[in-house]
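Per-entry structural report
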Amino acid sequence: MSAVIADQHTDNSQPRIPAADHHRDVNGGWLRPAVFGAVDGLVSNFALMTGVVGGAAEPSTVVLTGLAGLAAGAFSMAVGEYTSVASQRELVEAELEAERIELRRNPQGELAELAQLYVAKGVDPELAMEVARQLSADPDTLLAVHAREELGVDPEDLPSPLVAAVSSFGCFALGALLPVLPYLLGATMLWPAALLAMLGLFGCGAAVARVTARTWWFSGLRQLSLGAAAAAVTFLLGRLIGGAIG
Ligand SMILES: [Zn+2]
């Protein structure tokens, strides 16, 4: 930001082109899915563990529950993410293939269609036709331009289902591991796990604030309260059910 202000006074003869990275990544990039995966793991596994603790389970059962919850949740996240990204990608690829066929079958119609898109954005019809013609000169650029204008996607940069699956598996597992750790290290009470889970939730909330432009402490506290509420409810449920079946 300071570089932008400094620049404006040094050279007034030429308009300054902003750097490509002068915006926040509004899609959230990798940070958003990573943090939400970790929050998901933390909340679901911590709540699961408080549920069995509420039902007066032995520490060994709590550890087993926590580890099983970690594995089950991480696999479920990975499968869900893989399926979702893969089907989205297949849909886009089918649309790209349709566009490729249409460009081959009806190049003039596609040229007019592209020009029309620029006219709709306020470009003069003749200039729009000229821009469309120049963009259509190279076959690779042609498909990329149509994909971007009509489908809103970059054919060279489609999301990978495998990357999505592996990263959501890892993030969920990391979050889910946090409340299990104290038990693995020999703790027999819930409170060290609760403390660690609350710290983790606050940290995740604060990290999300980097993407959402909220203050870090507001975002952190909100995440902490929601997670704590989920755990408190499952603890009570565990107590009720544990009392009924015990
Ligand atoms: Zn087209």
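So, here is what we can say about the structure in this document. (Residues numbered from 1 in each chain as written. Predicted model: local features only at pLDDT ≥ 70, side-chain atom pairs only at ≥ 80, totals over all residues. Heavy atoms only, no water.)

Quick look at the overall build of the chain now. A tally of helices and strands in the chain yields nine helices and zero strands. Element order for the chain, N to C, with α for helix and β for strand: α-α-α-α-α-α-α-α-α. Out of the 246 residues in the chain, the part that is buried amounts to 33%. Once local pairs closer than 6 in sequence are excluded, the contacts in the chain between residues at least 24 apart make up 69%. (Helix = DSSP H or I, 4+ residues; strand = E, 2+ residues; numbered from the N terminus. Buried < 20%, exposed > 50% of the residue type's maximum accessible area, 1.4 Å probe, protein only. Contact = heavy atoms within 4.5 Å.)

With respect to the element layout, threonine 65 can be found in helix 3 (residues 59-105). When its relative accessible area of 16% is taken as the criterion, threonine 65 is described as buried. The contacts of threonine 65, once residues within four sequence positions are left out, are Asn45, Leu48 and Val52.

Every protein donor of the zinc ion is listed here as Glu99 (OE), Glu110 (OE), Glu113 (OE), His146 (ND1) and Glu150 (OE), and their distances to the metal cover 1.8 to 2.6 Å. Linear spacing of the donor residues for the zinc ion on their chain is E-x10-E-x2-E-x32-H-x3-E. Note that glutamate 110 and glutamate 113 are positioned in helix 4 (residues 107-120) at a spacing of three residues, about one turn of the helix. (Donors = N, O, S within 2.8 Å, 3.2 Å for Na, K, Ca; no water.)

A covalent bond between the sulfur atoms of two cysteines is what we call a disulfide. For the structure on display, the rule yields zero disulfides. Free of any disulfide, cysteine 171 has its nearest neighbouring cysteine sulfur in cysteine 204, separated by 9.3 Å. The buried category is assigned to cysteine 171, whose relative accessible area is 15%. Residue class for cysteine 204 comes out buried when judged on its relative accessible area of 13%. (Disulfide = S-S within 2.5 Å.)

Look at helix 8 (residues 191-212): 31 Å from first C-alpha to last across 22 residues, which is about the 32 Å you get at 1.5 Å a residue. Within helix 8, burial applies to Ala193, Ala197, Met198, Gly200, Leu201, Cys204, Gly205, Ala206, Val208, Ala209 and Val211. Where helix 8 is buried, its residues touch helix 2 (31-54), helix 7 (161-184) and helix 9 (216-245). Backbone geometry just downstream of helix 8 places alanine 213 in the positive-phi region, at approximately 70°. (Expected span 1.5 Å × (residues − 1).)

So, about the environment of serine 87. Along the chain, serine 87 falls in helix 3. Judged by its relative accessible area of 41%, serine 87 is partly exposed. It is 8.8 Å that separates the C-alpha atoms of serine 87 and proline 161, two residues lying 74 residues apart in sequence. Of note is the side chain of serine 87, whose polar atom sits 2.8 Å from the backbone oxygen of threonine 83. Side-chain polar atoms of serine 87 contact the backbone oxygen of serine 84, separated by 3.1 Å. (Polar contact = N/O pair within 3.5 Å; in protein donor to acceptor, adjacent residues only side chain to side chain.)

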